[in-house]
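Chain residues, written in single-letter form:
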Amino acid sequence: MTHQEQLQALMVRIDALEQRERQLTYASNAYQAILTTLLGILDKPTRDRVISMVDQAHDVAYAKANLEQKGNILGADDITQRIFLFAQGRAAQPK
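Reading guide: rules and limits
- Residues numbered from 1 in each chain as written.
- Predicted model: local features only at pLDDT ≥ 70, side-chain atom pairs only at ≥ 80, totals over all residues.
- Heavy atoms only, no water.
- Helix = DSSP H or I, 4+ residues; strand = E, 2+ residues; numbered from the N terminus.
- Rg over C-alpha atoms; globule rule 2.2 N^0.38 Å.
- Buried < 20%, exposed > 50% of the residue type's maximum accessible area, 1.4 Å probe, protein only.
- Contact = heavy atoms within 4.5 Å.
- Lys, Arg positive; Asp, Glu negative; His and termini not counted.
- Charge placed at Lys NZ, Arg CZ, Asp CG, Glu CD.
- Phe/Tyr/Trp six-rings, centres within 6.5 Å; stacked < 30°, edge-to-face > 60°.
- Lys NZ or Arg CZ within 6 Å of the ring centre and 35° of its normal.

1. Section: the overall build of the chain
- Assigned secondary structure in the chain consists of three helices and zero strands.
- Each helix and strand of the chain, ordered N terminal to C terminal, gives the series α-α-α.
- Here the C-alpha atoms of the chain give a radius of gyration of 19 Å, more than 25% beyond the 12 Å that 2.2 N^0.38 yields for 95 residues.
- Counting only residues that meet the buried cut, the chain has 13% of its 95 residues in that class.
- The contacts in the chain between residues at least 6 apart in sequence include a share of 69% that link residues at least 24 apart.
- The chain carries 11 positive and 11 negative side-chain charges, and their two centres are separated by 8 Å.

2. Some thoughts on the packing of aromatic side chains
- Enumeration according to the criterion identifies zero aromatic pairs in this entry.
- A cation over a ring is seen here: K70 above Y62, with NZ or CZ 5.0 Å from the ring centre.

Limitation: the analysis is restricted to geometry and does not speak to function.
If you want it as structure tokens, here you go:
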């Protein structure tokens, strides 16, 4: 394989990875918007109960996870916490 062919193959792979990253970003943004909307329209006691249940599920999953899974769970935890904070702040605003 020539250097030009290797470069071309590498560029194709980079393009595919960039497309996949965009798709994941779109999916993540949609997921966050849906969850924050759902949590934002719940009454405070129900919202707090849902958040508590998700936190408990997170703790159980983390306790059972292997090292790679623990890293994934911790990364997802940051996003989840932002969703919860946004939902709680949004629900606190007067309608």
